[in-house]
Amino acid sequence: MKTKLTLDLEKTLYQYWQEQGGYVVEEVTMPDDQGIVDTLVLQTEANQPVWRCFELKVTKADFHSHAKLSFIGNYNYFVLPAKLYQEVKAEIPAGIGVFTYQAFNKKALAASTVPITAPGMLTIAKTAKRQDLQVDEAALTLRFIASLNREVVKAKRVEKGLDQFSTDQLYQALKQRTSDYDIYTPEANLLDRFSEELQTDTIAALQTEIDALTEENLRLRLSQ
């Protein structure tokens, strides 16, 4: 489960590279057992692909974890909260760049007169050194496309809502929510809320039909 801070870094990084004209996707499994990169960005320079890999770390323990760092791109970076960077800057390997994250002030956000599309801002604290791609580019491209497709599928699921699920799937989902059913607080129970809203919607639909029939009957009587 990602922390809120991790999600904020992820959102801000995504927005940053979208504005730079890059193609961005999170959590891409690398070829050749090179781990999973947190964020992968594809750009073109002089009609040539440029790959950038980003590892997001929010705590010192996270930074020192034994998880594999997938720094296989042409440019590779850590994305760190500004405070954490000051604590670990001496440990950043040569050639690895750093973006530092600073959250926007809540009062400033509330007072803003223009839409704010990211929870904070990024600063380039250390530039990355270019290197040759460390994996086969064709294989990396296929992984990149597969991850983009995964995000498209997720977006379409949200767009389609419940229509894509069968009645049995919805029923099973409702059953899973009966484990913490509380008869004393029906307003907090999904099944009770669903039943009440369904009944309300049904009554409203029937009333609409009755009103329409009454109006049609009156029109016919007046026309005679």
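Residues numbered from 1 in each chain as written. Predicted model: local features only at pLDDT ≥ 70, side-chain atom pairs only at ≥ 80, totals over all residues. Heavy atoms only, no water.

Student: Which residues make up the nonpolar core, and what values do they have?
Tutor: Leu13, Trp17, Phe54, Val79 and Phe99 are the most contacted members of the largest nonpolar core, which totals 16 residues. When contributions to this core are tallied by element, the ones reaching two or more residues are α1 (4-19), β3 (48-56), β4 (75-81) and β5 (97-103). Of all hydrophobic cores here, the second largest spans 12 residues; its members include Val28, Leu42, Ile72 and Phe144. (Core = buried A, V, L, I, M, F, W, Y, C linked by side-chain atoms within 4.5 Å. Buried < 20%, exposed > 50% of the residue type's maximum accessible area, 1.4 Å probe, protein only. Helix = DSSP H or I, 4+ residues; strand = E, 2+ residues; numbered from the N terminus.)

Student: Outline the sheet that holds strand β6 (residues 120-126), listing residues and values.
Tutor: Taken in spatial order, the six strands line up as β1-β2-β3-β4-β5-β6 in an open sheet, and their pairing is mixed. Across the chains shown, the open sheet's two edge strands, defined by having one partner strand only, are β1 (23-29) and β6. Put simply, the sheet's adjacent strands are angled 30° from each other on average, direction ignored. In the sheet, β5 pairs with β6 via six bridges, with the strands oriented antiparallel. The residue bridging Tyr101 from the neighbouring strand is Leu122, located in β6. Here α1 sits on the sheet in contact with β1, β2 (36-45), β3, β4, β5 and β6, set at roughly 165° to β3. (Pairing = 2+ DSSP bridges. Axes fitted to C-alpha atoms, helices over the stretch in contact; angles between N-to-C directions. Contact = heavy atoms within 4.5 Å.)

Student: I'd like a rundown of the packing of aromatic side chains, residues and numbers included.
Tutor: As enumerated under the stated definition, the model contains 10 aromatic pairs in all. Geometrically, the ring pair formed by Phe63 and Phe78 is tilted, given 5.0 Å between the ring centres and 45° between the ring planes. Of this pair, Phe63 sits in helix α2 (residues 60-63) while Phe78 sits in strand β4, and the two are 15 residues apart along the sequence. Both residues of the pair, Phe63 and Phe78, count as buried. (Phe/Tyr/Trp six-rings, centres within 6.5 Å; stacked < 30°, edge-to-face > 60°.)

Student: I'd like a description of a nonpolar patch on the surface, backed by residues and values.
Tutor: A cluster of nonpolar side chains, namely Phe104, Leu109, Val114, Ile116 and Met121, defines an oily patch on the protein surface of about 410 Å² accessible area. We classify Met121 as partly exposed; its relative accessible area is 42%. (Patch = residues over 30% accessible without salt bridge, like charges linked within 9 Å, V, L, I, M, F, W, Y side chains within 5 Å. Areas by Shrake-Rupley, 256 points an atom, 1.4 Å probe, with all protein chains shown as cover. Salt bridge = Lys/Arg side-chain N within 4 Å of Asp/Glu carboxyl O.)

Student: Mind laying out a negative patch on the surface, listing which residues take part and the relevant values?
Tutor: Negative charge collects at one region of the surface, where Asp32, Asp33, Asp136 and Glu137 lie side by side. With respect to the helices and strands, Asp136 occurs in the loop between β6 and α5 (137-160). (Lys, Arg positive; Asp, Glu negative; His and termini not counted. Charge placed at Lys NZ, Arg CZ, Asp CG, Glu CD.)

Student: I'd like to hear about the confidence of the model for the chain, residue by residue, with values.
Tutor: Per-residue pLDDT for the chain averages 85, and the proportion of residues at 70 or more is 81%. When pLDDT is averaged over each helix and strand of the chain, the minimum, 69, is found for helix α7 (residues 190-223) and the maximum, 97, for β4. (pLDDT = per-residue confidence, 0-100.)

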